[in-house]
Amino acid sequence: MGARDLPDFPLTDVDAINEETRTAIAKAIRSGFSPLAVEPPMSLSRWAEEHFYLSAESSQTQQRWVPFPYQPGILDAMGDDRIVEVDVLKSARVGYTKMLLASIPYDAHHKKRNQALWQPTDSDSDSFCKTELEPMLRDVKVMRKIFPALGKKSKENTLKLKAFSGSRLLHLLGATAAKNFRRITVASAKLDEVDGMDLVIERSADPVTLSRKRLEGATFPKHILGSTPRIKGLSHIEGRVLKAQARMVYQVTCPHCEADHPLSWGGKDKSFGFKWDKENPSDVWHQCHHCCGKIRQADYLRIAGEGAWVSECGVWRFGADRVWRNSAGLPTTPPKHVAFKIWTAYSPQATWEEIVSEFLAAMVARHTGNKGPLMGWINETLGETWEDDEAEKLEADAIQARAEG
Ligand SMILES: [Zn+2]
């Protein structure tokens, strides 16, 4: 119950007391109760809509955050105590950093929990702290109350640690050293760009296992892993996604046949997916998996808000009402380990025309012997692992060398 929800003071002889006195008494009672007031439980997506701000340093303009249609599903999994493991296999440009960033003040302010965030290296971690975290702590108003060290250099406010009131800590760590996975105990362990981390950290174990250990004893343990995938067979995130109880894909309802379908790249020989006019590749559309009906990006953006995350196994669904439902449409318990897969085509931050023109340019480069742009497109735009014997071997050698170094 929030302070403002407390009932009015029950006055029996109402007429005998004037309005001013009545208001004063009610106010005194409410303020007397306010230390007892507890925030009503709130999902991460609702909390972010109410409190989260985009800082001018890390986005075009400073403004209140409005989630993209697919983001509440991922956010609410990050904030749901019934879910232990959340994997996000994603491309660039889908707004993942902002989702991860929103989960930090939510865990500190709303859930009142200790947390740790690992980035691939110390310098990645410092850079995240300076360009994303510190502007957010400054601009999200509710954090000012619980972060007295804001703006001051002290042992409660360093690049490696933020101490919030109530002994709630946020550790900011690089994943290159095994010591950075020791000695801390947290309720929430978050790994960003986990595919940028070594397969084995200094001959101890992989970063997923090491970070999981830090959750032992937590009442509501939470393990969040997100990454753009890199090389097939060497991808931490792909390995986790394969083990998830539910693999969620965002689906929209086809305006032609009314069946749900995801946005898929498709291929030359596929009847569904992205197609374009060969003479004019700026004319791009997506064909439905069921009826081959066409939608363009403007159509997609119109219907995306009514879409839903649907598990590949068909058991779980999380739609616009932000409730986990079973295949019969009834509210149900979410999976303990859930994976989300999202790529650039879903994002309002990129145009379908750009996606196709980047692909065509990458194919031209490949025909001239340069695989780099296509690898980049597959990882960063399509959000899939790259599979290629030669590239795989090169990368495996490089990672192995670092692991042994
Ligand atoms: Zn259709």
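Quick caveat, the model's predicted, so the values are computed rather than measured.

Scoring rules and cut-offs
Each chain has its residues counted from 1, following the order in which its sequence is written. In keeping with the predicted nature of the model, local features appear solely for residues at pLDDT of at least 70, side-chain atom pairs appear and are counted solely at 80 or more, and the whole-chain, interface and lining totals rest on all residues. Secondary structure follows DSSP: runs of H or I at least 4 residues long count as helices, runs of E at least 2 residues long count as strands, and numbering of each begins at the N terminus. Once C-beta atoms are placed from the backbone, each residue is buried if 20 or more other C-beta atoms lie within 10 Å of its own, exposed if 12 or fewer, and partly exposed for counts between those two. Here, residues touch in the contact sense if the C-beta positions derived from the backbone fall within 7 Å of one another. When buried Ala, Val, Leu, Ile, Met, Phe, Trp, Tyr and Cys residues are joined through C-beta atoms within 7 Å, the set is termed a nonpolar core. Segmentation into domains, and thus their bounds, comes from an automatic or database assignment. Two strands pair under a simple rule: DSSP has to find at least two bridges between them. For a crossover, the right-handed case is the one in which the path from the first strand over the helix to the second runs clockwise, viewed with the strands pointing away from the viewer. Axis geometry follows a simple rule: fit a line to the C-alpha atoms, using only the stretch in contact for helices, then measure angles between N-to-C directions, giving values from 0 to 180 degrees. Under this scheme an angle from 65 to 115 degrees is roughly perpendicular, one under 35 degrees roughly parallel, and one over 145 degrees roughly antiparallel; angles in between are oblique. Each crossing gets its hand from how the near helix is turned against the far one by less than a right angle, where anticlockwise is left-handed and clockwise is right-handed.

Caption draft 1: Spotlight on the overall build of the protein chain. A count of helices and strands for the protein chain gives 12 helices and 17 strands. Counting over 405 residues, the protein chain shows a buried share of 37%. For the protein chain, long-range pairs separated by at least 24 residues make up 67% of all intrachain contacts whose partners lie at least 6 apart in sequence.

Caption draft 2: Quick peek at the nonpolar core. Ala102, Met248, Val338, Phe340 and Tyr346 are the most contacted members of the largest nonpolar core, which has 82 residues in total. In terms of residues, this core owes the most to one element, helix H4 (residues 96-110), which gives eight residues. Inspection of this core shows a minimum of three residues originating in each of domain 2 (44-245) and domain 3 (247-334 + 344-382). Discounting chain neighbours no more than four positions away, the residues touching Met248 are Gly73, Trp309, Val310, Ser311, Val338, Ala339 and Phe340.

Caption draft 3: Looking closely at the pairing of strand S7 (residues 188-192). With five of five residues buried, S7 is to be regarded as a mostly interior element. Here S7 shows no split at all, with Ser188, Lys190 and Asp192 on one side and Ala189 and Leu191 on the other all buried. Strand direction decides the pairing type here: strand S4 (residues 115-119) and S7, joined by four bridges, are parallel. Paired with Trp118 across the strands is Leu191, a residue of S7. With five bridges joining them, S7 and strand S8 (residues 222-227) adopt parallel strand pairing. Along S8, the bridge assignment pairs Leu191 with Leu225. The parallel pair S7 and S8 is bridged by helix H7 (residues 207-213), and the resulting crossover is right-handed.

Caption draft 4: Representation of unusual backbone geometry within the structure. Even without being a glycine, Arg93 presents a positive backbone phi close to 65°. Tracing the backbone through its elements, the reader meets Arg93 in the loop between strand S3 (85-90) and H4. Under the C-beta neighbour-count criterion, Arg93 is labelled partly exposed, with 19 such atoms within 10 Å. Within the chain, Glu193 stands out as a residue other than glycine whose phi angle is a positive 50°. Mapped onto the secondary structure, Glu193 falls in the loop between S7 and H7.

Caption draft 5: Seen up close, helix H11 (residues 372-381). Among the residues of H11, those classed as buried are Leu374, Trp377, Ile378, Asn379 and Thr381. Contacts made by the buried residues of H11 are with helix H10 (352-367). Just downstream of H11, Gly383 is the residue with a positive phi angle, here 70°.

Caption draft 6: Region of the structure containing the packing of H4 against helix H5 (residues 122-139). Direction vectors running N to C along H4 and H5 enclose 45°, while the axes themselves pass 11 Å from each other. When the axis of H4 is compared with that of H5, the two are oblique. When the axes of H4 and H5 are compared, the crossing they make is right-handed. Counting all contacts with H4, which are made through Thr97, Leu101, Ile104 and Pro105, the residues of H5 involved are Glu132, Leu133 and Met136.

Caption draft 7: Just the sheet that holds strand S12 (residues 284-287), in detail. Strand order in the open sheet made by the three strands is S11-S12-S13, with antiparallel pairing throughout. For this open sheet the edge positions go to strand S11 (273-276) and strand S13 (294-295), each flanked by a neighbour on one side alone. Relative to S13, S12 runs antiparallel, the two being bridged by two bridges. Residue pairing in the sheet places Gln287 in a bridge with Lys294 of S13.

Caption draft 8: Geometry of the environment of Met136. Relative to the elements of secondary structure, Met136 occurs in helix H5. A count of 21 C-beta atoms within 10 Å places Met136 in the buried class. Residues contacting Met136, with those up to four places away along its chain left out, are Ser55, Leu101 and Pro105.

Caption draft 9: Looking closely at the environment of Cys292. Its place among the elements puts Cys292 in the loop between S12 and S13. Accessibility expressed as a C-beta count within 10 Å gives 13 for Cys292, which makes it partly exposed. Counting along the chain gives 19 residues from Cys292 to Gly273, while the straight-line C-alpha distance between them is 8.6 Å. If sequence neighbours within four positions are ignored, Cys292 has contacts with Ser271, Phe272 and Gln287.

Caption draft 10: Representation of the environment of Pro335 within the structure. Relative to the assigned elements, Pro335 resides in the loop between strand S16 (324-325) and strand S17 (337-342). For Pro335, a count of 22 C-beta atoms within 10 Å translates into the label buried. For the pair Pro335 and Val86, spaced 249 residues apart in sequence, the C-alpha to C-alpha distance is 9.8 Å. When residues no more than four places from it in sequence are discounted, the contact partners of Pro335 are Gln245, Ala246 and Trp316.

Caption draft 11: Region of the structure containing the pairing of S4. Taking burial as the measure, the five residues of S4 include five buried ones, the bulk of the element. Residues Gln115, Leu117 and Gln119 line one face of S4 and the alternating positions Ala116 and Trp118 line the opposite face, and both faces are buried.

Caption draft 12: Broad picture of helix H3 (residues 71-79). Of all nine residues in H3, nine are buried; the element is thus mostly enclosed. Those residues of H3 not exposed but buried are Gln71, Pro72, Gly73, Ile74, Leu75, Asp76, Ala77, Met78 and Gly79.

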